[in-house]
Amino acid sequence: MADTNREDAFVVFDRVQKSYDGETLVVKDLNLSMPRGEFLTMLGPSGSGKTTCLMMLAGFETATHGEILLGGRPINNIPPHKRGIGMVFQNYALFPHMTVAENLSFPLEVRGIGKSEREEKIKGALERVQMGDFGGRRPAQLSGGQQQRVALARALVFEPELVLMDEPLGALDKQLRETLQFEITHLAHELGITTVYVTHDQTEALTMSDRVAVFDDGMIQQLASPDKLYEEPQNSFVAQFIGENNTLEGVVTEIRGDLCEIRLDNGEIIDAKPVNVSKVGERTRMSIRPERVEMNKERLQEGAHTLKAEVLEFIYMGDIFRTRLRVAGNDDFIIKTRNAPDQLRLKPGEKIEIGWLPSDCRALDA
Amino acid sequence: MAALPPYTTLGQRIWHYTFRTIVGLVLFFLIAPILVIIPLSFNAENFFTYTPGMLALDSEAYSLKHYRDFFNNSDWQQAMRNSLMIAPAATLISVGLGTLAAIGLSQSHVPFRRAIMAILISPMIVPLIISAAGMYFFYSRVGLQGTYLGVVLGHAALGIPFVIITVTATLVGFDRSLTRAAANMGANPVTTFFRVQMPLILPGVISGGLFAFITSFDEVVVVLFVGSAGQKTLPWQMFIGLREQISPTILAVATILVALSIMLLTTVELLRRRSERLRGISPG
């Protein structure tokens, strides 16, 4: 995954492994390089190794094998307080016995910055997160969102080149989370900070990041930009983990370049794009996004295969309609259609035919 | 007294009042011996009993002569000075070592934490006379027997368990990500300790120190074994006084000590509450 040149990479994980007990590897062979100014998200279910990677970068865990480089320098032997990395914690980790301004002053004081310069920087940092009037408050007097804003300001106030965020929005309600997602990405890009962001929320990952590294089982399953990740998942795990996904299983019967034919388990035939399959007779799991399923035969290619489907449930969601179908024995096949004046509102029990462009249906590992 | 809800049965009613009576008796049992001493210390006679005059509230029967005796007698003054030197010194050592031990023992990577904890706490569990005898033999070997340092160290050993217990309890609620955050912002471990961890566990440290101080201030067994006449403390002097001269001055001293203890506890508790409120740890 040498996607960036190692010379101009700012953060590099080079064959990094981590084991806590000396037997099982929590992180298996991690290779990753980030250019300066990138916003990279480590996304994955709990226990996938993403937080461990972040902790190794911050210096709170040591890599069992391999090397981590920051600005070209190996940092394995540098203690956390000499790495100069800013960090935002999930529980904010504000010092309860200090006021907001004292919290922000702390990293500047330990760097020996003079009083007038400190005050100027604190003021600037608080204003940047719209907390300018709160310098004299104590963390306990602030709401969760305000506390996280202060934590963000504190991580940025000493102008680190790299900022780590460990599920910083996990404890906030949905609306606030969305506002802060927006603010964080803006700040990061405005200040040109390199950011590593850890989350298990895929929407957050997609909306905020330049690139997303999907973790599972101690490995990066795919490292790509959000649109690539969503539209071109490289394996079943990524397809399933990112966004809503329909799966159908079957056997490859024919491969013709960019197109393959698959016989589903109930005998029906459908077209797909071969991604993780290489030969006829192989079992495959196909992935198709709910919004790419087509009910209008006219929009399909000539001679395209279609599948019979029975409507099980119609859910009105305002902006979209979400319809649950039974397709080839799968009771959980979802299609999403836009709420438009001419849009069909299907009723349970209706029989329809569905199909898709072969390029939208990816034949992945079974 | 809160009114009982209308559905209480006769049995519950009886139990309700029996329970209050028992609680009252327990409280009386604990407090009475202390309260009885206080008027007696103002006795005009040299006896340990209430005279008919005292019971009749005759002002002639009361006097401050025992208090005068305490402040003028060089034996008592020497004991007072010793106590006021030994207790703070022992407290300082207990607080320093106990706090460090508690912090160390709260780190998950320390091996044999439970065993080490048990050993450090043992002076609280082992009968005092055994600890004292052990200290006596050990300290005489190393030349500490009969010295101030010996008594201070002995008392510090008795005070450490209290500090460890109270500080460990405060550390349970301590958020480790705070020290991580501090490290991340560039603070070395020593700065982190004094600026972040210490202020937050201070209430526990103070209560532990208070217990350690009272332990040393009240202690008689270890001082009898490890100390010599030169290091006699107030409890030592009271103990000898009881055996040899039975003077009500002891009661005057006891009263002063009780008053001192109450004042000390109140002050520290008020300070602790104030600092907690200021720190925003407990909702104000």
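Residues numbered from 1 in each chain as written. Chains lettered and ligands numbered in written order. Predicted model: local features only at pLDDT ≥ 70, side-chain atom pairs only at ≥ 80, totals over all residues.

Looking at an unreviewed UniProt entry, one finds chain B named ABC transporter permease, with Lutimaribacter degradans as its source organism.

The name given to chain A in an unreviewed UniProt entry is ABC transporter ATP-binding protein, with Lutimaribacter degradans as the source organism.

A. Quick look at the domain arrangement of chain A. Residues and elements named next belong to chain A. Parsing chain A into structural domains produces domain 1 (9-236) and domain 2 (244-364). Between the C-alpha centres of domain 1 and domain 2 the distance comes to 39 Å. Of the residues lining the interface, four residues belong to domain 1; the matching set on domain 2 comes to six residues. (Domains from an automatic or database assignment. Contact = placed C-beta atoms within 7 Å.)

B. Spotlight on the packing of helix α5 (residues 113-125) of chain B against helix α7 (residues 148-172) of chain B. Residues and elements named next belong to chain B. Packing of α5 against α7 brings their axes to within 8 Å, and their N-to-C directions diverge by 115°. By crossing handedness, the relation of α5 to α7 is classed as left-handed. Across the interface between the two elements, Leu120, Ile121, Pro123 and Met124 from α5 touch Ala157, Leu158, Ile160, Pro161 and Ile164 from α7. Across the contact of α5 with α7, the residue classes tally to nine nonpolar, no polar and no charged. (Axes fitted to C-alpha atoms, helices over the stretch in contact; angles between N-to-C directions. Helix = DSSP H or I, 4+ residues; strand = E, 2+ residues; numbered from the N terminus. Left-handed = near helix turned anticlockwise from the far one by under 90°. Nonpolar A, V, L, I, M, F, W, Y, C, P; charged D, E, K, R; others polar.)

C. The sheet that holds strand β2 (residues 25-35) of chain A, seen in detail. Residue and element names in this part refer to chain A. The four strands are arranged β2-β1-β4-β5 in an open sheet whose pairing can be described as antiparallel. Edge positions in the open sheet fall to β2 and β5 (73-74), since each of these has one partner strand only. With seven bridges connecting them, strand β1 (residues 9-19) and β2 associate as antiparallel partners. Residue pairing for β2: Ala9 is matched across the bridge by Pro35. Packing of helix α1 (residues 50-58) onto the sheet brings it into contact with β1, β2 and β4 (65-70), and relative to β2 it is tilted by some 60°. (Pairing = 2+ DSSP bridges.)

D. Fine view of the environment of Pro107(A). Structurally, Pro107(A) can be placed in helix α2 (residues 100-110). Assessed through the 26 C-beta atoms surrounding it within 10 Å, Pro107(A) is described here as buried. Taking the C-alpha atoms as reference points, Pro107(A) and Gly86(A), 21 residues apart in sequence, are found 9.7 Å from one another. In this structure, Pro107(A) is in contact with Arg154(A), Val157(A), Phe158(A), Met185(B) and Gly186(B), ignoring residues within four places of it in sequence. (Buried ≥ 20, exposed ≤ 12 C-beta atoms within 10 Å, placed from the backbone.)

E. Broad picture of the sheet that holds strand β19 (residues 361-364) of chain A. Residues and elements named next belong to chain A. Taken together, five strands build a closed barrel; the order of strands is β11-β12-β13-β19-β14 and the barrel is mixed. Each strand axis lies, on average, 55° off the axis of its neighbour in the sheet, ignoring direction. The pairing of strand β12 (residues 259-264) with strand β13 (residues 269-274) spans four bridges and is antiparallel. Across the sheet, Arg263 pairs through a bridge with Ile269, a residue of β13.

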